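What follows is each chain in one-letter form.
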Amino acid sequence: MNRRLPEAKGRKRALLVEGGGMKGAFAGGVLHALNCYLPAQHYDLVVAVSSGACCAAYYASTPDPEPEIGDHTLSIWRHELAGHRLISIFNPLKKRTLLDQEFLIDFLFAKKYPLQAENFEQYGLPEFRVAVTNLRSRSIEYVRATESNIFPLLKAATALPIATRGRHDVEGRLCSDAALLNPLPVNDLIECGYTDITVVMNSPSWRTSAPFNFLTGMLSFPRDWKMAKLMRRWHHHHFNLARSVASAPPEGITIHTIAPEQFLPVGLVTTDQAKLEETVAMGVQAGERAAKMLLEHFNGQQKKSGRNSKKGTKATKATRPSAPSAIEGKQRKAGQQPKNRGKAVRSDSVRQSA
């Protein structure tokens with residue numbers, strides 16, 4: 001069973017979606033907007049972490065633009081997860097975890113807003129990989145989503161320690177949230193040869209993370225001190241590294257970053273409906289702006305490839321758009337350092353910070 005990222009082929013395009021608990025409402029809005037303008041067939045691979053996998057699963061299984069159905073599905077973030085239905089301190093009294101994964105996955109995703117899992121890799125849709133932490137090997141794995149494994153896989157991806165049981169069986173392996181070790185595996189995509197990467201972040205691209213404290217590590221893995229130590233060592237390291245790479249990519253790599261410019265109204269476990277609705281709206285606006293610029297970028301690549309093929313030459317990589325946009329497209333030229341930091345998205349404007 002292949003649990004490594006596939007090597008890049010063809011266009012070498014990948015979409016990477018970050019998690020972050022209820023901050024996934026932003027990614028949900030972004031991916032709904034992308035579907036309306038830029039369906040998943042524009043990518044060769046979709047990879048997602050934690051709650052980002054919940055949003056990306058819908059995007060990667062929807063072959064055509066579906067504005068009405070997609071907007072209806074956003075009700076998951078706007079309304080269904082508000083209040084005490086998903087997260088409640090009273091859930092343990094009902095023999096449930098603080099974060100009720102059965103409500104989230106088995107009811108919402110499988111029944112009320114049914115995920116079209118039978119569409120995975122059909123109709124020209126790309127391969128969809130969900131990142132998880134293998135608790136036996138204590139390493140990140142990228143599991144290929146299928147119609148038969150997607151719901152256990154989403155439970156593993158959202159198996160946040162303390163809030164849930166912290167683990168779930170996926171095809172005979174106990175797995176947990178990949179964000180424990182690597183919340184945004186940009187470098188893994190680069191190492192596999194992807195040169196045109198779109199990254200959806202659920203917090204500002206300039207944000208940095210401090211290490212988890214000792215108590216958090218012990219509460220997360222009271223019986224596995226080694227895993228607790230690895231979480232405290234690697235989570236913040238990879239979080240900060242990914243943002244650094246996204247703002248200054250290696251030579252020959254183009255990274256488009258879609259992210260809120262300021263901190264979102266919601267946090268990891270926020271269930272306030274008004275804040276969730278605001279976050280979704282921010283994501284939709286950011287996604288609409290990003291989709292238009294990405295489509296222009298991809299069409300430009302296609303035209304260049306066509307012209308070069310007629311001349312009998314190899315296709316060249318597209319450079320970043322020069323106009324301000326809702327996405328960041330960076331490509332470092334040989335011998336040059338990037339002049340600007342990442343371009344971030346906010347709900348009402350686009351800003352490029354120096």
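These figures come from a predicted structure and were not determined experimentally.

Engineer: Explain the overall build of the chain to me, using residue names and the numbers behind them.
Structural biologist: Within the chain, the secondary structure is distributed over 10 helices and 11 strands. Here the chain, with 354 residues, has 55% of them falling under the buried criterion. Surface summary for the chain: the accessible area is close to 16,000 Å², and the carbon and sulfur share equals 52%.

Engineer: Residues and numbers for the pairing of strand β3 (residues 127–134), please.
Structural biologist: Most of β3 sits out of view: eight of its eight residues are buried. Here β3 shows no split at all, with E127, R129, A131 and T133 on one side and F128, V130, V132 and N134 on the other all buried. Bridge count between strand β2 (residues 45–49) and β3: five bridges; the pairing is parallel. Opposite V49, over in β3, you have A131 as the bridge partner.

Engineer: Give me the pairing of strand β8 (residues 254–258): which residues, what numbers.
Structural biologist: The buried count for β8 comes to five of five residues, which makes it a mostly enclosed element. With burial as the criterion, each face of β8 is covered, one bearing T254, H256 and I258 and the other bearing I255 and T257. Pairing geometry for strand β7 (residues 196–200) and β8, over five bridges, is parallel. Counterpart to V200 in the pairing with β8 is I258.

Engineer: Before we move on, can you summarise helix α6 (residues 150–157) with the specific residues and values?
Structural biologist: For α6, the buried fraction is high: six of the eight residues fall into the buried class. Where α6 is buried, its residues meet α2 (51–59), α5 (101–112), β3, β4 (139–144), β5 (168–170) and β6 (173–177).

Engineer: Requested: an account of the side chain of S61, with residues and values cited.
Structural biologist: Within the element layout of this structure, S61 appears in the loop between α2 and α3 (67–73). S61 sits in the buried class, given a relative accessible area of 1%. With residues near it in sequence (within four places) discarded, S61 still touches L115, Q116, N119, F120 and L125.

Engineer: Requested: an account of the pattern of salt bridges, with residues and values cited.
Structural biologist: Considering all chains together, one arrives at 15 salt bridges under this definition. Ionic pairing is found between K112 and E80, a salt bridge with its closest N-O pair at 2.7 Å. Taken as a pair, K112 in helix α5 and E80 in helix α4 (residues 75–80) lie far apart in primary sequence, 32 residues in all. Overall, E80 belongs to the buried group, its relative accessible area being 6%.

Engineer: Please give an account of the packing of aromatic side chains that cites residues and values.
Structural biologist: Under the criterion given, the structure shown has five aromatic pairs. On the basis of an interplanar angle of 80° and a centroid distance of 5.8 Å, the ring pair of Y58 and F109 is categorised as edge-to-face. Of this pair, Y58 sits in helix α2 while F109 sits in helix α5, and the two are 51 residues apart along the sequence. Considered together, Y58 and F109 belong to a single accessibility category, that of buried residues. Seen in terms of ring centroids, F120 and F128 are 5.8 Å apart; in terms of plane orientation they differ by 35°. Their pairing is tilted. By relative accessible area, which is 1% here, F128 ends up buried. Here the basic side chain of R13 rests over the ring of F298, its NZ or CZ set 3.9 Å away from the ring centre. Here the basic side chain of R243 rests over the ring of F239, its NZ or CZ set 3.9 Å away from the ring centre.

Engineer: Tell me what's going on with helix α9 (residues 225–247), and back it up with residues and numbers.
Structural biologist: For α9, with 23 residues, the first-to-last C-alpha span of 34 Å sits near the 33 Å given by 1.5 Å per residue. Most pronounced at W234, the bend in α9 amounts to some 25°. Those residues of α9 lying buried are M227, A228, L230, M231, H235, H236, F239, A242, R243, V245, A246 and S247.

Definitions and cut-offs
- Residues numbered from 1 in each chain as written.
- Predicted model: local features only at pLDDT ≥ 70, side-chain atom pairs only at ≥ 80, totals over all residues.
- Heavy atoms only, no water.
- Helix = DSSP H or I, 4+ residues; strand = E, 2+ residues; numbered from the N terminus.
- Buried < 20%, exposed > 50% of the residue type's maximum accessible area, 1.4 Å probe, protein only.
- Areas by Shrake-Rupley, 256 points an atom, 1.4 Å probe, with all protein chains shown as cover.
- Pairing = 2+ DSSP bridges.
- Contact = heavy atoms within 4.5 Å.
- Salt bridge = Lys/Arg side-chain N within 4 Å of Asp/Glu carboxyl O.
- Phe/Tyr/Trp six-rings, centres within 6.5 Å; stacked < 30°, edge-to-face > 60°.
- Lys NZ or Arg CZ within 6 Å of the ring centre and 35° of its normal.
- Expected span 1.5 Å × (residues − 1).
- Bend = angle between axes of the 7 residues up to and from the residue.

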